[in-house]
Amino acid sequence: MKMILLFLILFCVIAIPALGELSDDDLNQIRLIIADSEKRLTATINTLKTDGAIRDTEIKNLKDTMNTEIKNLKDTMNNGFDDIQKNFDRQNNIIIACIGIPMAFLAISVTIWGILAHRRGTRARSLEDEIATLKQEVETLKQRQVITP
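Described in the following lines is the structure provided in the data block. Every chain begins its residue count from 1, and numbering advances along the sequence as written. Residues qualify for local features only when their pLDDT is at least 70, as the model is predicted, and side-chain atom pairs are given and counted only at 80 or more; totals for whole chains, interfaces and linings, by contrast, use all residues. Computation of side-chain values: all heavy atoms of the structure, hydrogens and water removed.

Section: the overall build of the chain
1) Next: Segments assigned H or I by DSSP are reported as helices when at least four residues long, segments assigned E as strands when at least two residues long, and all are numbered from the N terminus. Across its full length, the chain holds 2 helices and 0 strands.
2) Next: When burial is assessed residue by residue, the chain has 1% of its 149 residues classed as buried. Remark: exposure states derive from per-residue accessible area (1.4 Å probe, protein chains only) relative to the maximum for the residue type, with buried under 20%, exposed over 50%, and partly exposed in between.

Structure (C-alpha cells):
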C-alpha cells in the first residue's frame, strides 16, 4: 500500500507542470520569435526572386547555348555520315572492280576456249568422217583383192 501511495504522489508531482498556462511574457517571446523568422523568410524570398530573375536569364542563355551546340553536333554528325557514305561508295567500287575484272577475263577466256574447242571439234569430226570413209575404201579394196587373186 505504501508503494501505491508513493507512486501516486510521484505521478501527481510529474503532472503538475503540465497543467501550467503560458504567461503574457511567454506569448510575447513567441511572437518575437515568429516575427524574426518572418523577417528572415521575407528577406530570403526577396533574394530568391532577384536571384530567380538572374537565373532565368542564365537559363535562357544556357538554352540558347545548348541549342547551338546541338545544331553544331547535328551538322557534324551529318557531315560524318556523308563522309562514311562516300567511303562506302568508294569501297563498293573497289570491290566491284576486284570481282568484275577477273570475272570479265574469265568469261572472255571461256568464250575463246569454247570457240576454239568447237572449231577443233568440227575439224575432228570431219577428219573422223574422212578416216571412216577411208577405212571403208580400204575394206572394199581388200575384199576385191581377196576375191580376185
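Following the structure, the description resumes.
As for the pattern of salt bridges
1) Next: Salt bridges are identified by distance alone: a Lys or Arg side-chain nitrogen within 4 Å of an Asp or Glu carboxyl oxygen. This structure, assessed with the given rule, holds 1 salt bridge.
2) Next: Taking the shortest distance from any N to any O, the salt bridge between Arg40 and Asp36 comes out at 3.6 Å. Of the two residues, Arg40 and Asp36 are both situated in helix α2 (residues 24-147); the distance of 4 residues between them amounts to about one turn of the helix.
3) Next: With a relative accessible area of 52%, Arg40 lands in the exposed category.

A look at a nonpolar patch on the surface
1) Next: Together, Met3, Leu6, Phe7, Leu10, Phe11 and Ile14 give the surface a local cluster of nonpolar side chains, amounting to about 650 Å² of exposed area.
2) Next: Within the fold, Met3 resides in helix α1 (residues 2-15).
3) Next: Given a relative accessible area of 53%, Met3 falls into the exposed group. Every patch collects residues that have over 30% relative accessible area and no salt bridge, joining them within 9 Å if they carry like charges and within 5 Å if they are nonpolar side chains (Val, Leu, Ile, Met, Phe, Trp, Tyr). Computed by Shrake-Rupley with a 1.4 Å probe, the accessible areas treat only the displayed protein chains as cover when residues are assessed.

Some words on the environment of Thr76
1) Next: Relative to the elements of secondary structure, Thr76 occurs in helix α2.
2) Next: The exposure class assigned to Thr76 is exposed, which follows from its relative accessible area of 52%.
3) Next: Polar contacts, as counted here, are pairs of nitrogen or oxygen atoms within 3.5 Å of one another; within protein the pair requires one atom able to donate a hydrogen and one able to accept it, and residues that are adjacent in sequence qualify only if both atoms are side-chain atoms. Within the structure, Thr76 has its side chain in polar contact with the backbone oxygen of Asn72 (distance 2.8 Å).

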